[in-house]
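# Structure assessment
Given next are the chains, with one letter for each unit.
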Amino acid sequence: MNPAPDPALFVDTAGWMAMADEGDAMHEASRSVRDACLRAGGLLVSTDYVIDETLTLIRVRLGLQPAARWWAQIDASARVRWEWIDPLRAEKARSWFFRWSDKDFSFTDCTSFVVMRELGLRRALTSDRHFSQAGFETVPGPAG
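Residues numbered from 1 in each chain as written. Predicted model: local features only at pLDDT ≥ 70, side-chain atom pairs only at ≥ 80, totals over all residues. Heavy atoms only, no water.

Moving on to the sheet that holds strand β3 (residues 80–83). The strand order β3-β2-β1-β4-β5 describes an open sheet built from five strands, whose pairing is parallel. Edge positions in the open sheet fall to β3 and β5 (137–139), since each of these has one partner strand only. This sheet shows a mean twist of 35 degrees between the axes of neighbouring strands, independent of strand direction. Strand direction decides the pairing type here: strand β1 (residues 8–11) and strand β4 (residues 123–125), joined by two bridges, are parallel. The partner of Val11 across the bridge, within β4, is Leu125. Sheet strands touched by helix α3 (residues 48–62): β1, β2 (43–47) and β3. Its angle to β2, the strand with the most contacts, is close to 85 degrees. (Pairing = 2+ DSSP bridges. Helix = DSSP H or I, 4+ residues; strand = E, 2+ residues; numbered from the N terminus. Axes fitted to C-alpha atoms, helices over the stretch in contact; angles between N-to-C directions. Contact = heavy atoms within 4.5 Å.)

Shown next as C-alpha cells:
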C-alpha cells in the first residue's frame, strides 16, 4: 500500500453528504476543511464502500440528478484517491467488526478504519462518532 501524501484527508459518507447538501448543518464547515486540505496540496481519500453509501444517500435525500452531478464531479477529480476494498481488506474489516462488541460500528466504518490505518491517515471529514471512537480525529469538529 502506498501511504497517502500529507496532508491527506479521509472523507466518510457523512462528510461527502455534508458537502453535497447545502441544507446540512455542517455544509459550510465541511467545505472549508476540504478546501484547506486541497489548497495545502493534499488529497481526499475515500473507498468504494463509501461511494456506494454516498450515491445512495444523495439519491434518497436530494434526488437522482444531484447524485449524478456529485458523481461526475468526484469521478473527474485528480484530487480524490479512491481505495478499493479487496478480499484482504474485507477480512481485516470483518475482524474489526466482530472484535468491538461494545461499539455499533457499521461494516463500512470498519473498512474505512482499515484503509485509514494502512495509509497512515489520522483525520476523517465526518460527523460520525464512530471514527473518534476508533481513535481517529474527526473534522471539522468533534463528532456528535
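Following the structure, the description resumes.
The next point concerns the layout of surface pockets. Volume-wise, the largest pocket comes out at about 350 Å³. Along the wall of the largest pocket there are 17 residues; nearest its centre are Met19, Ala20, Arg34, Trp70 and Gln73. Among the elements of the structure, α1 (13–20), α2 (27–39) and α4 (64–76) are those that each provide at least two residues to the lining of the largest pocket. No other element matches α4, which puts five residues into the lining of the largest pocket. Looking at side-chain class alone, the lining of the largest pocket contains nine nonpolar, three polar and five charged residues. (1 Å grid on protein atoms, 1.4 Å probe; cavity = no way out; pocket = protein on both sides within 12 Å on 5 of 7 lines; lining within 4 Å. Points joined across faces, edges and corners; volume = space filled by probe spheres on them. Nonpolar A, V, L, I, M, F, W, Y, C, P; charged D, E, K, R; others polar.)

This part covers the packing of aromatic side chains. Evaluated as defined, the whole model comprises 13 aromatic pairs. Ring centres of Phe105 and Phe113 lie 5.0 Å apart, and the angle between their planes is 80 degrees; on these two criteria the pair is classed as edge-to-face. No difference in accessibility class separates Phe105 from Phe113, as the two residues are buried. Ring pairs connect the aromatic residues Phe10, Trp96, Trp100, Phe105, Phe113, Phe131 and Phe136, which therefore count as one cluster. Here the basic side chain of Arg99 rests over the ring of Trp96, its NZ or CZ set 5.6 Å away from the ring centre. (Phe/Tyr/Trp six-rings, centres within 6.5 Å; stacked < 30°, edge-to-face > 60°. Buried < 20%, exposed > 50% of the residue type's maximum accessible area, 1.4 Å probe, protein only. Lys NZ or Arg CZ within 6 Å of the ring centre and 35° of its normal.)

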